[in-house]
Amino acid sequence: MAAPSIPSTSAAPGTPSAAAQEAAASGVAIRIDDLSVRLSLQKEVVLSLRETAIRWIQRRPVEVEEFWPVRNVSFDVQRGEAFGIVGRNGAGKSTVLKVIAGVLSPTLGTVDVRGRIAPLLELGAGFDSEMTGRENIYLYGSLLGFPRQKLDERFSHIVEFAELEHFIDVPLKNYSSGMASRLGFAVATDVDPDILIVDEALTVGDARFQLKCMERIELFRQRGVTILFVSHNPDQVRRLCSRALWLDNGVVRLLGGVDEVVDGYTAVEYELPRRRTAWTKPDLPSFVEESGSAGKQSAVSVAYRSPNENRQTPPVHGEYDFIDFTLVDARSMEFCREAFGGRGLSVSNNIAVAERVRAAGGDAVTADLSVIDFPDDSFSFVSLMDSIHLLPGLEAISHVLASSARWARDFIFVRMPSYEDEEYLRALGLKHYWHDWSWYPTHPRVDQISSILQSLGLEQYHVSHRSPALSSDAASILPLAAPPDQGVYDAEIHGPKLSIEFPRPIYGQIDVFIALRRFETAQWHDIITKGTQS
Amino acid sequence: MTTAGQVRSLWRYRELLRNLVVRDIKVRYKRSVLGFAWMLLNPLISMIVFSIIFREVFGMEQDYPLYVISALLFFNLFSLGSSQGLNSIVASSGLIRKVAVPKSIFPLASVLANLVNFGLSLIPLAAVMIFTGAKLTPALLVVPVGILSISLFTYGISLALATANVFYRDVRWFYDSALLILFYVTPVIYPAKVVPEQFRFLLALNPLTTMLEVFRAPIYEGVLPAPAALGASLLYGLGATIVGWMVFHRYEDRFINFI
């Protein structure tokens, strides 16, 4: 063990220092000054006494690998400000958050934090699976430093927000991961914090609960709580934050207004993978492959381990007929299996989705669409259900389609809500309920997807427009004035809406089938029929 | 952070401490039919076994059951408290890596959970006292001093061992054997006077002997412990806590790299 000498720092809230006093006077909630963090990673993490003794006798010191996840980072967060941090996995975001939360000490530099922190790092880390939800609320609350009396007062409110009224006296081991994280979020955000730290932890839970969380975070922002927000989704950062920091490889790449920083980040991040997966698939073969490739599987090994320890997933090894990229829902896997058959591998950056797929006996890997890669022609098809419109722009969609076309031999299946008539509906004072959803940053229209496919040389595709609405009475259509992030029409929530007969059907969903080889007409027709039956 | 600051932050998290202690106790007896009754039954069963062996085979005095049960409870408080305290940091690694709480709270919770257990097991102890017709004297008022000493001592040892265990996981296995030896070099099941004169200084070197006598004298003999023993026993407790505290806080910043 090399003894790192740690200069005097004040990471703990409440520790007075000159900088802290200055910070308090100037309305700064968090001040990071020239922060560097060193981690000493021993090659063998825990040594036995015997081995230490042998090494000592042999004069062979323990090999220590030094690693600086964060170097010379400085920034201030003003009281009441929503501040975003963007960067790839392993850029040092989590390390900075851990130092601010007081879990890690700065190696060099100072960190001053003024006020009570509610850390949302890894929701539910303090839960005990043997104890009930009720007992865990008190355990977790006290871990965050909330007084018992306050928890008593807020108890029913917490349970209600977490939607666990019927399960509150059930031991936590019987909860799903989504239920546990709902409970964690509800406790951590119920008692007013001064500073809220939101890590990517928020990508757990189902889409509806995620929206609820975002709404609550938005409320905090309006109430003047200082928010430190770390997300993979640049659009979320843009919506919530006013300023942002871009961390790259442990150093500050850019610090400034949110648009400037996020633009810079997305430009680089989404260009990078595109270069890597330059379109290389040769022209479609001019002969008819009658047998198709049914029954032909490729062995795939995925040992995707992100540098972010929160997201490591067990390696997956197997032979798969398809991959299912999904961002919000685990049901797409089952749909593909039933519609097209074969064995699938689920890929999602949503831990909860991966867990659900695994719980159902399937294979899943937690990975980012822009990072993961497979050999060419590994699968029969790639399914992109309810995922591409969640990507942060047309660039990213193009990248994912290009990669998918490389990995699959037969076809790509895309399903998403329709944005075709967004403008038309708006002109009538109406909208589809997903048009304002903050989790759906990109509203790709068919013509945009067509031009992407054209640019990739994929000219054989079929688009099905589905779920027609013939009048504004359809449940999926809301009045334009309805608040954002809402579900299907409910007169009580959304108020009255005009009843209009549409001169032509307004579609709610599109399915796109993209051919990656030649098909016999009947074969192609069969795929479309299977994919559109629901 | 200064020592005062460390103590203050421990105080700030007293609610967490309470919950950790409750959790320790609840989880331990969950799913057992008799539940908390085991806290009362276990020492009684040990007492009966030792009494049969020592009274029938070795011809000890008739009040041997009281002699042995008081010492067994005392020794269990120490051995269970310190071995759970030893493991507490490694066992809470998930928490320590994610939330900033004073880490010394975890060994403290282990010791306190066992202290609560111990408190409940004073019920069977009282029953045995009445059953064996022990003299109830004002000397019993000194018993809490013995309990305080051993609790402080256990906490101090836990802090030091928990620190060592973070860096070398074999400390735990080593300590299991050490406890077994300690059990036999402390006059728990035998009276000190059976030890040959020339070895008796070994017993005196063992802090547990002194603390045990302070605890047992009022219960078993109905007399006040020697003032020197009383003082020494408190000093052992305080000394261990101070040393353990210093060791723990000297190394706690490095725990995160090893757990």
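All residue numbers here refer to positions counted from 1 along the written sequence of the relevant chain. Both sets of labels track the order of writing: A upward for chains, 1 upward for ligands. Where totals are concerned, whole chains, interfaces and linings use all residues; where local detail is concerned, this predicted model gives features only for residues with pLDDT of at least 70, and gives and counts side-chain atom pairs only at 80 or more. By convention in this description, side-chain values take in all heavy atoms of the structure and omit both hydrogens and water.

Participant: Honestly, the nonpolar core in this entry has me stumped. Any pointers?
Facilitator: Side chains of a nonpolar character, in soluble globular proteins, are inclined to be buried together. The definition of a nonpolar core used throughout is a set of buried Ala, Val, Leu, Ile, Met, Phe, Trp, Tyr and Cys residues joined through side-chain atoms within 4.5 Å. Throughout, exposure labels follow a simple rule: accessible area from a 1.4 Å probe, protein chains only, divided by the maximum for the residue type, with under 20% read as buried, over 50% as exposed, and the rest as partly exposed. Of all hydrophobic cores here, the largest spans 132 residues; its most connected members are Leu183, Ile217 and Phe229 of chain A together with Leu66, Ile89 and Ile189 of chain B. Elements are defined by DSSP. Helices are runs of H or I of four residues or more, strands are runs of E of two residues or more, and each kind is numbered from the N terminus. Among the elements that take part in this core, helix α4 (residues 64-91) of chain B stands out by supplying 15 residues, more than any other. How far each domain reaches was decided by an automatic or database domain assignment. For this core, the domains that each give at least three residues are domain 1 (18-116 + 193-271) and domain 2 (297-419 + 440-468 + 507-532) of chain A. Leave out the neighbours within four places in its chain, and Leu183 of chain A touches Phe127, Gly133, Ile137, Ala162, Leu164, Ile168, Leu172 and Tyr175 of chain A. Counting residues in each nonpolar core, the second largest holds 35 residues, with Val347, Ile388, Ala405 and Ile514 of chain A among its members. What makes two residues a contact is simply this: any of their non-hydrogen atoms within 4.5 Å.

Participant: Sorry, what's going on with the side chain of Ser233 of chain B here?
Facilitator: Structurally, Ser233 of chain B is set in helix α11 (residues 227-251). With sequence-adjacent residues up to four places away left out, Ser233 of chain B is seen in contact with Ser149, Thr210, Met211 and Val214 of chain B.

Participant: Looking at this model, I keep getting lost on helix α10 (residues 207-221) of chain B. Mind explaining?
Facilitator: In an α-helix there are 3.6 residues to a turn, and that puts residues three or four apart on one side. All names here are of chain B. Given the number of residues in a helix, its expected span is that number minus one, multiplied by 1.5 Å. Between its terminal C-alpha atoms α10 stretches 20 Å, which fits the 21 Å expected from 15 residues at 1.5 Å a residue. Along its length, α10 shows its largest kink, about 35°, at Phe215, and proline Pro218 lies within four residues downstream of that point. Burial analysis of α10 places 12 of its 15 residues in the buried class, the great majority of the element. If you check which residues of α10 are buried, you get Leu208, Thr209, Thr210, Met211, Leu212, Val214, Phe215, Arg216, Ala217, Pro218, Ile219 and Tyr220. Those residues of α10 that are buried are in contact with α4, α6 (105-131), α7 (143-167), α8 (171-184), α9 (200-205) and α11. Throughout this description, a polar contact denotes any pair of N or O atoms lying within 3.5 Å of each other; where both atoms belong to protein, one of them has to be capable of donating a hydrogen while the other can accept it, and for residues adjacent in sequence the pair is counted only when both atoms sit in side chains. The opening residue of α10 is Asn206, an N-cap whose side-chain oxygen sits 2.9 Å from the backbone nitrogen of Leu208. Backbone geometry just after α10 places Gly222 at a positive phi near 70°. The angle between axes fitted to the seven residues ending at a residue and the seven residues starting there is what we call the bend at that residue.

Participant: Looking at this structure, how should I read the packing of helix α3 (residues 37-57) of chain B against α4 of chain B?
Facilitator: Angle between the axes and distance between the axes are the two parameters that describe a pair of packed helices. Residue and element names in this part refer to chain B. Convention adopted: a line fitted to C-alpha atoms gives each axis, helices being fitted over their contacting stretch, and angles between N-to-C directions are expressed from 0 to 180 degrees. Across the interface, α3 lies against α4 with an axial gap of 9 Å and an inter-helix angle of 135°. Classified by the angle between their axes, α3 and α4 sit oblique to one another. Crossing of α3 against α4: the hand is right-handed. Every residue of α4 that contacts α3 at Pro43, Leu44, Ser46, Met47, Phe50, Ser51, Phe54 and Arg55 is listed here: Tyr64, Pro65, Val68, Ile69, Leu72 and Leu73. Per-class residue counts for the contact of α3 with α4 are 11 nonpolar, two polar and one charged. For this classification, under 35 degrees means roughly parallel, over 145 means roughly antiparallel, 65 to 115 means roughly perpendicular, and everything else is oblique. A clockwise turn of the near helix away from the far one marks a right-handed crossing, whereas an anticlockwise turn of less than a right angle marks a left-handed crossing. Just so you know the grouping, Ala, Val, Leu, Ile, Met, Phe, Trp, Tyr, Cys and Pro go in nonpolar, Asp, Glu, Lys and Arg go in charged, and all remaining residues, Gly too, go in polar.

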